[in-house]
Amino acid sequence: GAAAQRVPAVVRGRSVYFEVATAPYAAGASSFVGETLARLGLVNIVPPALGPFPKLNPEFVVRARPQIVIAAAAPLAEMRRRPGWGDLPALVAARSCDFEPETYELLIRPGPRLGEAAEHIADCLIRLEGAWPPR
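What counts, and where the lines are drawn
Residues numbered from 1 in each chain as written. Predicted model: local features only at pLDDT ≥ 70, side-chain atom pairs only at ≥ 80, totals over all residues. Heavy atoms only, no water. Helix = DSSP H or I, 4+ residues; strand = E, 2+ residues; numbered from the N terminus. Expected span 1.5 Å × (residues − 1). Buried < 20%, exposed > 50% of the residue type's maximum accessible area, 1.4 Å probe, protein only. Arc of directions from axis to C-beta. Contact = heavy atoms within 4.5 Å. Salt bridge = Lys/Arg side-chain N within 4 Å of Asp/Glu carboxyl O.

Visitor: How should I be thinking about helix H7 (residues 114-127) in this particular structure?
Guide: An α-helical turn contains 3.6 residues, so any two residues separated by three or four positions project in the same direction. Taking 1.5 Å as the rise per residue, H7 with 14 residues should run 20 Å; its terminal C-alpha atoms sit 20 Å apart, in good agreement. Turning to H7, its buried residues are Ala117, Ala118, Ile121, Ala122, Cys124 and Leu125. What you see down the axis of H7 is that its buried residues fit within an arc of 160 degrees, all on one side. Here the buried face of H7 lies against helix H1 (2-6), strand S1 (15-21), helix H2 (32-39), strand S4 (68-72), strand S5 (96-99) and helix H6 (101-108).

Pasting the structure below:
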């Protein structure tokens with residue numbers, strides 16, 4: 001789609017952790033959110049086998065070392081305080097997308113506005129383009 005074409009080449013193929021709730025629950029590769037991320041060229045750290053919205057051991061995320069983190073603004077602000085998470089490449093380099101509640105709700109609800117959700121994520125990925133040296 002149009003959103004995918006806007007994602008900078010340097011961002012494509014990067015690993016992503018998308019948090020849907022703070023337990024932490026993630027959007028897995030098999031979820032509609034995961035499908036959107038894949039269409040945008042990102043690689044989900046949560047494999048399809050774990051299901052659409054699995055509760056993860058926080059250590060799973062630490063070991064996966066995601067290059068991009070996407071979450072609601074308030075939880076994202078707290079993530080560095082979680083044990084081991086302060087060293088996550090995405091958080092160290094500020095490669096994250098934090099969304100205000102209204103926009104975030106749009107991202108995590110299936111429905112006719114999925115295209116709009118993809119555009120919001122693409123907008124953030126464009127802002128992250130400068131966070132990597134050119135390949």
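Visitor: Which parts of the structure should I look at to understand the pattern of salt bridges?
Guide: Side chains that differ in sign of charge can pair as their charged atoms come close. Applying the stated criterion to the full structure yields six salt bridges. Between Arg6 and Asp123 there is a salt bridge, with its nearest N and O atoms 2.2 Å apart. One end of the pair, Arg6, is in helix H1; the other, Asp123, is in helix H7, with 117 residues separating them in the sequence. For Arg6, a relative accessible area of 32% puts it in the partly exposed group. In this structure Asp123 comes out as partly exposed when scored by relative accessible area, which is 29%. Bridged by salt links that share partners, the residues Arg6, Glu119 and Asp123 form one connected network.

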